[in-house]
Amino acid sequence: MRYASLTSLLLFCAVHAHAAVDLKANETPLNTPADPKAIALLPADYRLAHAGQLTVAVSAQNSPPLSLVASDNRTRIGSDIDIARLLAQSLGLTLTVVPVSWEEWPLGLKSGRYDVALVNIAVTEARKQKYDFATYRTDSLAFSVKHDSSIKHITTAKDIAGQRVIVGSGTNQERILLDWNTQLQQQHLPPAIPIYLTDDATTTLFLQSGRADITFGPQAAAAWKAALNGRSKVVGYSPYKAWVATTTLKGNGLVKALNQALNDAIASGHYQKILSRWGEAQEGVTSSQINPPGITYR
């Protein structure tokens, strides 16, 4: 299915049971006033990727409500793009978004191609060695199956024993899956079989055609797809708590300005408007934290 057609079908789609999302209305940007306190925290020696602009990496995948293509089949919209705009405007800068694959964002930050990555990146202790984080959402992960699957619930490692699970390489969900496989091996049960895919269309094809049994990924995207046409359903959630955060290169100082911008937007209500219009209010934070404890798997 072409993305433009997908977008038109998603109009007024219910992401959560009581939260309708109007994509056409959400193509209109939400604006945030410049934040003097956040601007004052911009490090004097930090060199932006492009002068006068905040260049932000966002997901190139169609993974609504986080990132997707608008009705013009070109412009990126979604909650991550709205958060990126909030940050840029708070810092008195114009926004430039760079769609990237999951594998690209670390190299892009290191090379200075962009200033910030917003690709649904969760805080981990390993990542904190290389990057600085300012949290802006809780990281909810969900297990989804085909609508007529015999799998009714997933709560522990035993529930995925021997199942074929689609997961992204290098993601927290992969780390959780591998940890559960270790538990299964210790219990002398067959491990789950990871299937590494990055394209959403291919993921849907594998699940619907029976080439995979389960997909494991962001809860917001899973709920959206389930509500779209009823061909999939959410059957469980990750038991581990994590934070999604703005991601910048370690030690460049930009994180303090981003954190201030987020906290001031939370205080003013601009932040809540973004999450509400994308059906993500339940994943909101009451304050942004800099480099909080990373996800733990036990």
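The shown structure was predicted, so the numbers you read here are calculated from the model rather than taken from an experiment.

Focus: the environment of Q163
Phase 1 of the analysis: Assignment of secondary structure puts Q163 in the loop between β9 (141–146) and β10 (164–167).
Phase 2 of the analysis: Sequence separation between Q163 and A192 is 29 residues, and the spatial gap between their C-alpha atoms is 4.9 Å.
Phase 3 of the analysis: Aside from chain neighbours lying at most four places away, what touches Q163 is I151, A192, I193, D213 and I214.

Description of the layout of surface pockets
Phase 1 of the analysis: Its boundaries defined by the atoms lining it, the second largest pocket holds a volume of some 220 Å³.
Phase 2 of the analysis: Lining the second largest pocket are 15 residues, with T124, A126, R127, G170 and N172 positioned closest to its centre.
Phase 3 of the analysis: Grouping the amino acids of the lining of the second largest pocket by side-chain chemistry returns 6 nonpolar, 4 polar and 5 charged.

Side note on the pairing of β9
Phase 1 of the analysis: Burial analysis of β9 places 5 of its 6 residues in the buried class, which makes it a mostly covered element.
Phase 2 of the analysis: In the sheet, β9 pairs with strand β12 (residues 214–218) via 4 bridges, with the strands oriented antiparallel. Bridge pairing in β12 places F143 opposite F216.
Phase 3 of the analysis: Bridge count between β9 and strand β13 (residues 232–237): 5 bridges; the pairing is antiparallel. Across the sheet, residue S144 finds its bridge partner in β13, namely V234.

Comments concerning the confidence of the model for the chain
Phase 1 of the analysis: Considering every residue of the chain, the mean pLDDT works out to 90; 92% of them sit at 70 or more.
Phase 2 of the analysis: Counted against residues more than four places away or in other chains, residues 1–19, with its pLDDT under 50, gives 49 contacts.

Focus: the packing of helix α4 (residues 79–90) against helix α10 (residues 270–277)
Phase 1 of the analysis: Between α4 and α10, whose axes approach to 9 Å, the crossing angle comes to 165°. Between α4 and α10, the angle falls in the class roughly antiparallel. In the crossing of α4 with α10, the sense of the turn from one axis to the other is right-handed. Within the contact between the two elements, α4 uses S79, D82, I83 and L86 and α10 uses H270, Y271, I274, L275 and R277.
Phase 2 of the analysis: Looking at the contact of α4 with α10, its residues break down into 5 nonpolar, 2 polar and 2 charged.

Rules used throughout
Residues numbered from 1 in each chain as written. Predicted model: local features only at pLDDT ≥ 70, side-chain atom pairs only at ≥ 80, totals over all residues. Heavy atoms only, no water. Helix = DSSP H or I, 4+ residues; strand = E, 2+ residues; numbered from the N terminus. Contact = heavy atoms within 4.5 Å. 1 Å grid on protein atoms, 1.4 Å probe; cavity = no way out; pocket = protein on both sides within 12 Å on 5 of 7 lines; lining within 4 Å. Points joined across faces, edges and corners; volume = space filled by probe spheres on them. Nonpolar A, V, L, I, M, F, W, Y, C, P; charged D, E, K, R; others polar. Buried < 20%, exposed > 50% of the residue type's maximum accessible area, 1.4 Å probe, protein only. Pairing = 2+ DSSP bridges. pLDDT = per-residue confidence, 0-100. Axes fitted to C-alpha atoms, helices over the stretch in contact; angles between N-to-C directions. Parallel < 35°, antiparallel > 145°, perpendicular 65-115°, else oblique. Left-handed = near helix turned anticlockwise from the far one by under 90°.

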